[in-house]
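Remarks on the overall topology
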Amino acid sequence: MSVLPFPSFLDDIKEKGLKKALFEGANEVTERLTAGMNIQDIREALRGENPSRRPNPRLTPHADGFWLHMRPSYFHRDMTGLYPTFRLGWLSTYFVFFETITGIILMLWYTPSPDIAYGNMLNILSNVPLGQFVRDLHRLGAEAMVLIVFLHMLRTFYTGSYKKPRQFTWFTGVILLILTGLLSFTGYLLPWDQLALWAVTIGASMAEATPLVGEQVNLLVRGGPELGANGLLRFYLAHVLLLPAFLFIFTGVHYYKVIVHGHSLPPRSENPGEDTAKRVPLDKRVYFIPEVMTNEIMWAAVTTFILVVLCVWFYHAPLESHADPQVTPLGTTAPWYFLWIQGALKLGDKTFWGIIFPTALLGFLAVMPYLDVTVSRRFAHRRFAFSVSFVMLALLVVTSYMGLPEFGVATSPDTEILHEMTFEPAHNHMGVLRPVPFDQVVVGNYTTREFEAEAGNAQAAVAAFNEELQTTGQAQQLTNLLREQHLAVPALRFTTVPADAPELRHAMETFARKIQAENQELVNGWGVLIVTQNQENLRRLDLVISWDEVLVENGEVVRDENGNPVFVLDENGNRVRRMTPAHFFLHRNAGYYE
Amino acid sequence: MLQRMLIEKIENRILVGILMFLGIMVLTGWVAINEPGRMAAFEQQHLARSIQWGAELYAANCSTCHGNEGYGILGRAPALNSPQLFGHDFFASLNRQAERLNDTKNELARLQAELDSGSITRERQAEIQARIAALQATYGDDIVAGIDTRLAEIEQERQSLRMQMQPAIDKGYDPDNPDRLATLGWQGTLDAFLQTTLVHGRPTSESYWPQAMVAWSQRAGGPLRDDQIENLSNYIMNWNRTEWTIEDLLLVQQFPIRPGLPGAEMAQIEGVGTNVEAIMAQLEGVTGDPLNGQTIYNNPPLACVGCHAIEAVAPLTANQWNDTVNVRLNEPQFAGYTPEMYIVESIVNPGAYLVPGYSNAMPADFGQRIDIQMLADIIAYIKSYE
């Protein structure tokens, strides 16, 4: 007779007592949730004991459950260690989930509009508890994922795992590599700072070089002739919807193919041409439950811990000033994983190096397993393939280096020096003068001549400089130049850098050294620093470089038959004195020097 | 070795996993605990950098009119680095002292009256006498005289301050109305005022400045983004200081101009005043030019047409004369009025009579802003619609 008018758990309690009924209920729920393992089974598994009942309950979650239906129930022992996989495929998958979770958290605080996006970033950094932390994790994870996926591909190549029957697995892998790059790239734009705008502008401008349809492709990607509201929305939707959708689909296909063919064994474990991955001898089997599963959970914890440690102490996602389409920063680069294309572009034709070359390269990668039909996976049998890959890697490194702004971009030395002295924090660097503590940026006028003088002669050198400015009329030229920069200075008297401002002194020494290093072009060059008080806690720093102009062609100084530089002369036959200014403001709390 | 699991024993894996998990929790907790400090530091740092960017924008865009140091440029644009903008009142402390003294005086009178009434308890009487004795200790035996001496001293100090401020007063500063925002009737914060002005500019200021301030925001067709407007306003706000001095005030080159006040171009006009009879008498000897009147009517600084072209806001120009003759003058209160007289009254004293359906929105200061010839011209122009 039921306690209630229908059979219920209460009947169990009546029949068996509370404790037993509760335990059996819990046991049953556990078995249902795990699709086959009860509490005792789980306990045995985690203790590393053999299953106490048959059929083996550790196999049913794979057979009957959803979550493990795609995971094999056992692995080959040779595949569970560091070599040959280096756990790179697993790590890639880990990052897919890691990025999804951190990304969804960030989505809560983000609006894809040029008017708001940057403000959202400031809000995340200044007003959202753990906001900076999650942003750092997401950014670091993104950069790491690009690297990990690439290394995974390299590993697969070197162990020959792309060969028959795994050609299609490799093919989907190349698609995943491209998707990862695109995901990282589209995410780059979202903060809407200068770094984002210009890195993406460079990247997207490659699309312009597409033959025939370049302009249309460009319009499609950017949503207009320039990156703006439409472009940002498109990049955002691609980043959070389109690309992740493809990524999940192809991750599924990729992993399904891995399971269907089995993890390829280390090359030396099989004879050339053999594929024994699916036939795992009984003594070589390592069961997913509990061995592989605990291993994976442990690695997930270890990897997350490493990322957390990095983001707490070592890594912060960059945020530069608000995106400004009017101001191109000096030294703009594409994201580092696209540097090789930027470098290749410096080799010549935009269409060939920007579109045809990368497309051909990726296309070749994708179909490579179908072209390379050699059967052996042994290293010794693949000398040609390895040699080609080493050449390609070397090429990648070289073209990436060429992509850096240091390479092959001709900027006049004065502009370059002024930039190096003053630039706002970018790519984790900043201008030499910025980190000088506010109290050491003493109001006054300083000259690099002080640092060209012999020790002890600094005072005299500065006095001579003051004299020289007056007699040559350069003082007037300098005053006029500063006035054009909206700085009114009554009389320019230069002094030595105060003794209690060692960091300012150090910066001025660097300034002097940089001008000295360019003395081929900056003949008789000097630099000055003029510090003025602008507001109570705000100072203005004006730098001017001045030199006698010489003829320069293609970045080389023109010389006469005696090897002397050819000076540019005005209509009266006098040398032309050039002056280039730059300035910035420094606030007491700007915090560059922490 | 490399082909085996790095940690072979399952219990060690579980241990490492748990330790790592705890490590993640502890570190995240550590970050969370430090978040308030970090966020505050970021905010301070970002404000500093915003001020730096604002300084850059100011030097490039604003300094040509408002001056490199924000003191304004005579005859061109008003000062921003000015105690007036930030609402500093140099008399504030003196005013407070005087107020306190007057309060004491009133209190004394109250106490005296209470004593004189005779209907109080002994305790209360003692209390009042103690209070009076205390005041006598401070102000001397004759308390009122003592307070008046102090008040006179304060007044003297005020005069001396005023003397020090005289150069600024000559330039249009009013120490008794020291707060620019209060003068303008602005209810919001100074920051909001600055941003609004930067966004929309001051198109109407062209009537008293040679060049009107343009709209700076992209929202209003200008060149600057919202964040740049904010940087600029942060920079201007950074001129504020806790202690403004008279020296700061004297550095100001140009104070804001209010139409109709000394300094405004309009002040050079000899206004007709608001006495309708007197104006009518003056009008006898003046002939109005309707074409000239049309120019005055339709152009700044008066720009009557601005309102009188929209029927929902003000009676239409074209109907004014005929309405006056056919409708208004039939009203009993306008018995003995000529149409001209009605119009003159409407201009110099717009609140005297409201056409049904309209509120009193017309400025009341036209009596100071137009002279007799202008008035005659305007009347002639209105009459031309007869």
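Residue numbers here run from 1 along each chain, matching the order of that chain's written sequence. Key to labels: chains lettered from A, ligands numbered from 1, both in the order written. Given that this is a predicted model, residues contribute local features only at a pLDDT of at least 70 and side-chain atom pairs are listed and counted only at 80 or more, while totals for whole chains, interfaces and linings are drawn from all residues. Each side-chain value is derived from all of the structure's non-hydrogen atoms; neither hydrogens nor water enter the calculation.

1. Observations regarding the side chain of threonine 510 of chain A
All names here are of chain A. Where helices and strands are cited, they refer to DSSP runs of H or I of at least four residues and of E of at least two residues respectively, numbered from the N terminus. As for its placement among the helices and strands, threonine 510 is situated in helix H20 (residues 502-517). We classify threonine 510 as buried; its relative accessible area is 10%. A polar atom in the side chain of threonine 510 sits 2.9 Å from the backbone oxygen of histidine 506. Each residue is placed in one exposure class: buried if its accessible area under a 1.4 Å probe, protein chains only, is under 20% of its type's maximum, exposed if it is over 50%, and partly exposed if it falls in between. Definition of a polar contact: a pair of N or O atoms within 3.5 Å, with one able to donate and the other able to accept a hydrogen when the atoms are protein atoms, and with sequence-neighbouring residues admitted only if both atoms are side-chain atoms.

2. What about the domain arrangement of chain A?
One widely used convention gives an interface's size as the accessible area the parts lose upon coming together. Residues and elements named next belong to chain A. Here the bounds of each domain stem from an automatic or database domain assignment. Under the domain assignment, chain A is made up of domain 1 (75-403) and domain 2 (413-587). Just the C-alpha atoms count here: the centres of domain 1 and domain 2 sit 45 Å apart. In this assembly, 6 residues from domain 1 lie in contact with 7 residues from domain 2. Interface area for domain 1 against domain 2, summed over the two sides, is near 510 Å², with a carbon-plus-sulfur share of 53%. Should a side-chain nitrogen of Lys or Arg be within 4 Å of a carboxyl oxygen of Asp or Glu, the pair is scored as a salt bridge. At the boundary of domain 1 with domain 2, the tally comes to 0 salt bridges. The interface formed by domain 1 and domain 2 includes 0 residue pairs in polar contact (both at pLDDT 80 or more). For the side of domain 1 that touches domain 2, the residue count by class is 2 nonpolar, 3 polar and 1 charged. Working rule for contacts: check all heavy atoms of both residues, and any pair within 4.5 Å makes them a contact. Buried area adds together the accessible area that both of two parts lose upon being put together, with accessible area traced by a 1.4 Å probe. By the convention adopted, Pro, Cys, Tyr, Trp, Phe, Met, Ile, Leu, Val and Ala count as nonpolar, Lys, Arg, Asp and Glu as charged, and the other residues, Gly among them, as polar.

3. A short note on the nonpolar core
Buried Ala, Val, Leu, Ile, Met, Phe, Trp, Tyr and Cys residues form a nonpolar core when they are joined through side-chain atoms within 4.5 Å. Grouped together as the largest cluster of nonpolar side chains are 50 residues, with contacts concentrated most on Leu85 and Met165 of chain B. Elements supplying a minimum of two residues to this core: helix H1 (10-66), helix H2 (92-117), helix H3 (122-139), helix H4 (143-170), helix H6 (190-200), helix H7 (226-237) and helix H8 (246-251) of chain B. Here this core takes 7 residues from H4 of chain B, the largest share from any one element. Among all residues touching leucine 85 of chain B, those that are not within four sequence positions of it are Leu80, Arg180, Leu190, Phe193, Leu194 and Ile236 of chain B. Grouped together as the second largest cluster of nonpolar side chains are 46 residues, Phe95, Val308 and Val312 of chain A together with Leu27 of chain B included.

4. Description of the sheet that holds strand E3 (residues 444-447) of chain A
All names here are of chain A. Reading across from one edge, E3-E4-E5-E8 is the order of the 4 strands in this open sheet, with antiparallel pairing throughout. Edge positions in the open sheet fall to E3 and strand E8 (577-587), since each of these has one partner strand only. The average angle at which neighbouring strand axes cross in this sheet is 15°, direction not considered. Across 10 bridges, the pairing between strand E4 (residues 523-535) and strand E5 (residues 538-548) is antiparallel. Across the sheet, residue tryptophan 526 finds its bridge partner in E5, namely serine 546. In this description, strands pair whenever DSSP reports at least two bridges between them. Here an axis means a line fitted to C-alpha atoms, over the contact stretch when the element is a helix, while the angle between two N-to-C directions is reported on a 0 to 180 degree scale.

5. Quick look at the pairing of E5 of chain A
Residues and elements named next belong to chain A. Among the 11 residues that make up E5, 11 are buried, leaving the element largely enclosed by the rest of the structure. Residues Leu538, Arg540, Asp542, Val544, Ser546 and Asp548 point to one face of E5 and Arg539, Leu541, Leu543, Ile545 and Trp547 to the other, with burial holding for every one of them. For E5 and E8, the ladder comprises 11 bridges, and the chain directions are antiparallel. Residue pairing for E8: aspartate 542 is matched across the bridge by histidine 583.

6. A short note on the packing of aromatic side chains
Residue and element names in this part refer to chain A. Each Phe, Tyr or Trp ring (for Trp, its six-membered ring) is paired with any other whose centre lies within 6.5 Å, and the angle between the two planes then decides the class: stacked below 30 degrees, edge-to-face above 60, tilted in between. This model, assessed by the stated rule, comprises 39 aromatic pairs over all chains. Each ring, one from phenylalanine 95 and one from phenylalanine 98, has its centre 6.2 Å from the other, and the planes form 90°; the classification is edge-to-face. Taken together, the positions of phenylalanine 95 and phenylalanine 98, both in helix H5 (residues 88-107) and 3 residues apart, correspond to about one turn of that helix. Judged by relative accessible area, phenylalanine 98 falls into the buried class, the value being 10%. With centroids separated by 5.1 Å and ring planes inclined at 85°, the aromatic side chains of phenylalanine 465 and tryptophan 526 adopt a geometry described as edge-to-face. You can see phenylalanine 465 sitting in helix H18 (residues 458-472) and its partner tryptophan 526 sitting in strand E4, a full 61 residues away along the chain.

7. Examining the packing of helix H16 (residues 413-422) of chain A against H20 of chain A
Residue and element names in this part refer to chain A. The N-to-C vectors of H16 and H20 enclose an angle of 160°; their axes lie 10 Å apart at closest approach. Between H16 and H20, the angle is such that the two are roughly antiparallel. Judged by the twist between their axes, the crossing of H16 over H20 is right-handed. Two secondary-structure elements touch here, H16 through Ile417, Glu420 and Met421 and H20 through Ala507, Phe511, Lys514 and Ile515. Here the residues of the contact of H16 with H20 are counted per class, giving 5 nonpolar, no polar and 2 charged. Between 65 and 115 degrees an angle is taken as roughly perpendicular, under 35 as roughly parallel, over 145 as roughly antiparallel, and anywhere else as oblique. Crossing handedness is defined as follows: a turn of the near helix away from the far one that is anticlockwise and smaller than a right angle gives a left-handed crossing, while the clockwise case is right-handed.

8. Points about the interface of chain B and chain A
Every contact between the two is made by 48 residues of chain B and, on the other side, 65 residues of chain A. A combined buried area of about 4,600 Å² lies between chain B and chain A, and 61% of that area is made up of carbon and sulfur atoms. Considering only the side of chain B, the residues that lose the most area to chain A are Gln3, Met5 and Gln52 of chain B, jointly responsible for 15% of the buried surface there. Across the pair arginine 225 of chain B and aspartate 324 of chain A runs a salt bridge whose closest N-O atoms are separated by 3.5 Å. Our count for the contact surface shared by chain B and chain A stands at 22 residue pairs in polar contact (both at pLDDT 80 or more). Listed by contribution, the elements that provide at least two residues to the side of chain B that touches chain A are H1 and H7 of chain B. The dominant element in the side of chain B that touches chain A, judged by the number of residues it contributes, is H1 of chain B, at 33 residues. Partitioned by chemical class, the residues of the side of chain B that touches chain A number 24 nonpolar, 13 polar and 11 charged.

9. A closer look at the packing of H3 of chain B against H4 of chain B
Residues and elements named next belong to chain B. Interaxial distance between H3 and H4 falls to 9 Å at its minimum, and their mutual angle equals 40°. If you check the angle between H3 and H4, you find them oblique. The hand of the H3/H4 crossing is left-handed. Of the residues in H4, those in contact with Ile132, Leu135, Gln136, Thr138 and Tyr139 of H3 are Ile143, Gly146, Ile147 and Arg150. Class assignment for the residues of the contact of H3 with H4 results in 5 nonpolar, 3 polar and 1 charged.

10. A word on the environment of glutamate 424 of chain A
In this fold, glutamate 424 of chain A is placed in the loop between H16 and E3. Residue glutamate 424 of chain A is classed as partly exposed on the basis of its relative accessible area, which comes to 26%. A C-alpha to C-alpha distance of 8.0 Å links glutamate 424 of chain A and glutamate 320 of chain A, two positions 104 residues apart in sequence. When near neighbours in sequence (up to four residues on either side) are disregarded, glutamate 424 of chain A contacts Ser321, His429, Met430 and Arg434 of chain A together with Trp53 of chain B. At 2.7 Å, the side chain of glutamate 424 of chain A forms a polar contact with the side chain of tryptophan 53 of chain B.

11. Description of the environment of proline 83 of chain B
All names here are of chain B. Here proline 83 shows up in the loop between H1 and H2. According to the relative accessible area criterion, proline 83 is buried, its value standing at 0%. Counting along the chain gives 31 residues from proline 83 to glutamine 52, while the straight-line C-alpha distance between them is 22 Å. With residues up to four places along the chain from it excluded, the contact list for proline 83 reads His88, Phe90, Pro178, Trp244, Leu249 and Val252.

12. Structural notes on helix H9 (residues 276-283) of chain B
Residue and element names in this part refer to chain B. Along H9, the positions that sit buried rather than exposed are Val276, Ile279, Met280 and Leu283. Taken down its axis, H9 places every buried residue within 100° of arc, on the same side. On the buried face of H9, the contacting elements are helix H13 (339-348) and helix H15 (372-383). One side-chain oxygen of the residue at the start of H9 lies 3.2 Å from the amide nitrogen of glutamate 277, identifying that residue as asparagine 275. An arc is given here, and it is the one of the directions from the helix axis to the C-beta atoms.

13. Regarding the environment of alanine 204 of chain A
All names here are of chain A. Its location among the elements puts alanine 204 in helix H9 (residues 194-207). Residues alanine 204 and threonine 447, spaced 243 residues apart in sequence, show a C-alpha to C-alpha distance of 43 Å. Setting aside residues up to four positions removed in sequence, alanine 204 forms contacts with Phe185, Asn218 and Arg222.

14. A word on helix H6 (residues 117-127) of chain A
Two residues of an α-helix separated by three or four positions point the same way, owing to the 3.6 residues in each turn. Counting buried residues along H6 of chain A, 8 of its 11 residues qualify, which places the element largely inside the surrounding structure. For H6 of chain A, every residue scored as buried is listed here: Ala117, Tyr118, Asn120, Met121, Leu122, Ile124, Leu125 and Ser126 of chain A. Buried residues in H6 of chain A make contact with H5, helix H7 (131-158) and helix H11 (229-261) of chain A together with H1 of chain B.

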